[in-house]
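Each chain is listed here by its residues.
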Amino acid sequence: LKIRVPLEPTVELGDYLSIREPWEDPTVSDEEIAQVLKQMREEHVITNHVERPAAMGDQVLVDVKAEANGDVVVDEKEIEVVLSESRPFLSPEFVAALVGMSEDEEKQVTLVLPETIDQPALRGVAADFTLKVRHVHERTLPDLDDALASTVGSFETLSELEKDIRERVVAHKQELAESDYQTKLISKLVEQSTVVYPPLLLNETLDEIVNEAKQRVERQRKMSLEDALRLDGLTLEEFREQMKPQAEIRVKRSLVLSKLA
């Protein structure tokens, strides 16, 4: 009998004690603090119903129905849409179509679906939209003062709120910087290491990646991985082949870190 068995992986780390990576403490700019305060104002915006055509900056409640290639791709009632150029809902053209519409007004318009939508087959496709505005609300942002500080938390002054924001942003950036620092060090360690492992280990890791993808697609897109890949023009085997470099990196990192430990 001839029996082929997978051998235990071997790892040579090289001179791992010489690995160095420069460290820089993260900093927080005034612009970042201002961005957080802007978001807080958005979260506590005051809306008032108005009887006039919708304008930029308003918030509208709209029924949306869209058909593309003979199929209904959107059919939603009373969607809240903020008419914004900086953060357009769906696309700038969609927002522009709503500007000037009044309550109970209905409009038909053809728009190109953006490249950011979930269904790859619909990206860049022209769709016929039916829009009906239910309500128009004027949005008023709260002033940036002590009253806002007391609204968002137990702060007496705006200065106290800004100090708290800065501390939390610094802590968050510190955590990200440390994670990135570790990743760079591990990458250097893997690059200089010699790793030999059996094909069986790579196949098992590919199975893990495929199972993770299945769970993610089922949770986020409410469909099977096979159906999602079919929309992208891929088979399961082609997907596994695409994931092979990622699996190789995962195997090497795991073996190298185990050896280092």
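Our subject is the structure that appears above.
In this text, all values refer to a predicted model and were calculated from it rather than measured experimentally.

## Let's talk about the pairing of strand 4 (residues 71-82)
A regular strand places its side chains so that they alternate between the two faces of the sheet.
In step 1: Of the strand pairs in this sheet, strand 3 (residues 59-68) and strand 4 are connected by 9 bridges, and their pairing is antiparallel. Paired with lysine 65 across the strands is aspartate 75, a residue of strand 4.
In step 2: Linking strand 3 back to strand 4 in an antiparallel pair, the connection comprises 2 residues, with asparagine 69 at a positive phi of about 55°.

## Examining helix 5 (residues 199-220)
In step 1: With 22 residues, helix 5 extends 32 Å from end C-alpha to end C-alpha; this agrees with the ideal 32 Å at 1.5 Å per step.
In step 2: Within helix 5 the residues assigned to the buried category are Leu202, Thr205, Leu206, Ile209, Val210, Ala213 and Val217. Projected down its long axis, helix 5 carries its buried residues within an arc of 145°, all on one side. When the buried face of helix 5 is taken as reference, the exposed residues oriented beyond 90 degrees from it are Gln215 and Arg219.
In step 3: Contacts from the buried residues of helix 5 go to helix 6 (225-231) and helix 7 (236-260).
In step 4: Directly after helix 5, the chain includes lysine 222, whose backbone phi takes a positive value near 55°.

## Brief notes about the nonpolar core
One recurring pattern in soluble globular proteins is that nonpolar side chains are buried together.
In step 1: With 26 residues, the main nonpolar core has Val81, Phe94, Leu98, Phe129 and Leu131 as its most contacted residues.
In step 2: Elements that contribute at least two residues to this core include exactly strand 3, strand 4, helix 2 (92-98), strand 5 (106-112) and strand 6 (126-140).
In step 3: Setting aside its immediate chain neighbours within four residues, leucine 98 contacts Ala54, Val60, Val62, Val81, Leu83, Leu131 and Val133.

What counts and what doesn't
- Residues numbered from 1 in each chain as written.
- Predicted model: local features only at pLDDT ≥ 70, side-chain atom pairs only at ≥ 80, totals over all residues.
- Heavy atoms only, no water.
- Pairing = 2+ DSSP bridges.
- Helix = DSSP H or I, 4+ residues; strand = E, 2+ residues; numbered from the N terminus.
- Expected span 1.5 Å × (residues − 1).
- Buried < 20%, exposed > 50% of the residue type's maximum accessible area, 1.4 Å probe, protein only.
- Arc of directions from axis to C-beta.
- Contact = heavy atoms within 4.5 Å.
- Core = buried A, V, L, I, M, F, W, Y, C linked by side-chain atoms within 4.5 Å.

Coordinates in, geometry out; function isn't part of it.
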